Amino acid sequence: MPRLNPDNLQRALDLIALYPQRRSALIPILHVLQEQDGFLSEDGMSHVGELLGLEAVEVRGTASFYDMFHFEPVGKYLVAVCTNIACMLQGAYRLLEHVEERLGVAPGATTEDGMFTLEDAECLALCGNAPCVTVNWRFFGDVDPDRFDILIDDLRAGRLDDEVPPHGTLTRVRRTAGLAAAGATPTEAAATGSGAGRGDGGADRSPTPAPGRPVVPALDLSTRRTTTATSVLDAAHLEP
Ligand code: FES
């Protein structure tokens, strides 16, 4: 599905309405496109360009600056293992070796079932909980081989679906002011805090523990990344 589907087209139009200049909605809409398809296709970027009055080359030129956007299909879960200094000193290469063995792929590759793409990452800014891993931009700290296996089992079983949405959509993009999360009614959005006027603090993001087993705690630091569209929400949330 290379172009925005009707629901996401509406989300894009709502995003555009937030800005005095249409083109300012580019990055949030690209996240919506990536959420839908898992990557930014040429057709998809052309569609976004049409919506914003931009040439396709302008869309691609902007998107290619950001390493959170993908131009080829990636797995449902993008697993990044940090091997920078703090994590390296805490056994990151041993962990990476285990991850490669467990997933059966080297960094840069995707598992045959399309579930996981592996990345060997630079510092992910969770050095205090080294070694750390992100899955679709959700952070998991103090990961060792056993905990990584639990994480993969939980992801495969769908136990972390609420915590780790497919293809790494940023929570902030889903919560853009004035927009409800996809699929939520306005009432549901108000109840879950996914609509306007709600910051991160109200959402319970704790994973549901699997029976009899500990769950690696997820830190959704993706919510700390600010897009232009959501900076208003950030400011509101930070006010005492
Ligand atoms: S070195 Fe791994 S998070 Fe900083």
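Because the structure is predicted, anything quoted here is derived from the model rather than measured.

A. Quick look at the overall build of the chain. Within the chain, the regular secondary structure consists of 10 helices and 5 strands. For the chain, with 240 residues in total, the buried portion stands at 36%. When contacts within the chain are restricted to residue pairs at least 6 apart in sequence, long-range pairs at least 24 apart make up 65% of them.

B. Local environment of the pairing of strand 1 (residues 77-82). Most of strand 1 sits out of view: 6 of its 6 residues are buried. The two faces of strand 1 match: Y77, V79 and V81 on one face and L78, A80 and C82 on the other face are all buried. Where strand 1 and strand 2 (residues 116-121) come together, 6 bridges link them in parallel fashion. If you follow V79 over to strand 2, its bridge partner there is L118. Bridging between strand 1 and strand 3 (residues 133-135) involves 3 bridges; their strand directions are antiparallel. Residue A80 lies in a different strand from strand 3, and its bridge partner there is T134.

C. Looking closely at the nonpolar core. Judged by nonpolar contacts, the single largest core of 29 residues is most densely connected at V79, V81, C132 and V133. For this core, the secondary-structure elements that each account for two or more residues are strand 1, helix 6 (92-103), strand 2, strand 3, strand 4 (138-140) and helix 7 (145-157). Dropping the residues within four chain positions of it, V79 is found in contact with V99, F116, T117, L118, E119, V133 and V135.

D. Main features of the packing of helix 1 (residues 6-16) against helix 2 (residues 26-37). Helix 2 packs onto helix 1 with a crossing angle of 170° between their chain directions and a minimal axis gap of 9 Å. In this view, helix 1 runs roughly antiparallel relative to helix 2, as classed from their interaxial angle. Judged by the twist between their axes, the crossing of helix 1 over helix 2 is right-handed. Mapping the contact onto sequence places N8, R11, A12 and L15 in helix 1 and P28, I29, V32 and Q36 in helix 2. Tallied by class, residues from the contact of helix 1 with helix 2 come to 5 nonpolar, 2 polar and 1 charged.

E. Representation of unusual backbone geometry. Here the bond from A130 into P131 is cis, since omega is -5°, no more than 30 degrees from zero. Relative to the helices and strands, P131 resides in the loop between strand 2 and strand 3. In this model, W137 sits at a positive phi of 75°, which is unusual for a non-glycine residue. Classification of W137 as buried rests on a count of 21 C-beta atoms within 10 Å. With a phi angle near 55°, D142 is a residue other than glycine that sits in the positive phi range. On the secondary structure map, D142 appears in the loop between strand 4 and helix 7.

The rules behind each value
- Residues numbered from 1 in each chain as written.
- Predicted model: local features only at pLDDT ≥ 70, side-chain atom pairs only at ≥ 80, totals over all residues.
- Helix = DSSP H or I, 4+ residues; strand = E, 2+ residues; numbered from the N terminus.
- Buried ≥ 20, exposed ≤ 12 C-beta atoms within 10 Å, placed from the backbone.
- Contact = placed C-beta atoms within 7 Å.
- Pairing = 2+ DSSP bridges.
- Core = buried A, V, L, I, M, F, W, Y, C linked by C-beta atoms within 7 Å.
- Axes fitted to C-alpha atoms, helices over the stretch in contact; angles between N-to-C directions.
- Parallel < 35°, antiparallel > 145°, perpendicular 65-115°, else oblique.
- Left-handed = near helix turned anticlockwise from the far one by under 90°.
- Nonpolar A, V, L, I, M, F, W, Y, C, P; charged D, E, K, R; others polar.

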